[in-house]
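Breakdown of the fold
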Amino acid sequence: MELRELEAEQAEWEHQEEAKKQKKVAEEQEKQGQQVEQEHSQTIFTGTIKTKKLEELHDIATALQLPETRLKIKVLQQILQHFDDDSGLKKNPWYEGLFNQQ
């Protein structure tokens, strides 16, 4: 291999490595942006969870980062299971209104 070919390969490799680094930084920034957006768009949920409409249940499921489903019963089951698995969430200010009816 000639010196020029080696230099070209080295330059290409460096270019690819830089592109990988930039992509990783961009992905990390996007992830952080999404987290900040989610924190700022949080809603304090209130009312009886079992009487919520599908759209309201989707809002709760999204806040809990649960997978999407179109069936109300499935969404409700996922949400209730999530709260059963992490009962501390029931005391979280964002969700306690769903469980502490006064």
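Overview of the structure. (Residues numbered from 1 in each chain as written. Predicted model: local features only at pLDDT ≥ 70, side-chain atom pairs only at ≥ 80, totals over all residues. Heavy atoms only, no water.)

Before going further, it helps to spend a moment on helix H3 (residues 72-85). The end-to-end C-alpha separation of H3 is 20 Å, in line with the 20 Å expected for 14 residues at 1.5 Å each. Every buried residue belonging to H3 is among Val75, Leu76, Ile79 and Phe83, and all of these are buried. One side of H3 holds all its buried residues, which, seen down the axis, span an arc of 95 degrees. In H3, the exposed positions that point more than 90 degrees away from the buried face belong to Ile73, Asp84 and Asp85. In the core, the buried residues of H3 are packed alongside helix H2 (54-63). (Helix = DSSP H or I, 4+ residues; strand = E, 2+ residues; numbered from the N terminus. Expected span 1.5 Å × (residues − 1). Buried < 20%, exposed > 50% of the residue type's maximum accessible area, 1.4 Å probe, protein only. Arc of directions from axis to C-beta. Contact = heavy atoms within 4.5 Å.)

Turning to H2, its buried residues number three or more, namely Leu57, Ile60, Ala61 and Ala63. For H2, the buried positions fall inside an angular range of 160 degrees around the axis, keeping them on one side. When the buried face of H2 is taken as reference, the exposed residues oriented beyond 90 degrees from it are Glu55 and Thr62. Gln65 sits one or two residues past H2 and shows a positive phi near 60 degrees.

On to the packing of aromatic side chains, then. Summed over all chains, the structure comprises three aromatic pairs. Between Phe83 and Tyr95 the ring centres are 5.5 Å apart and the planes differ by 70 degrees, which places this aromatic pair in the edge-to-face class. Placement of the pair is Phe83 in helix H3 and Tyr95 in the segment after H3, with a sequence separation of twelve residues. This pair shows no difference in class: Phe83 is buried, exactly as Tyr95 is. Between Phe83 and Phe99 the ring centres are 4.8 Å apart and the planes differ by 70 degrees, which places this aromatic pair in the edge-to-face class. Highlighted residues: Phe83 in helix H3 and Phe99 in the segment after H3, separated in sequence by 16 residues. Exposure remark for Phe83: the relative accessible area of 0% places this residue in the buried category. (Phe/Tyr/Trp six-rings, centres within 6.5 Å; stacked < 30°, edge-to-face > 60°.)

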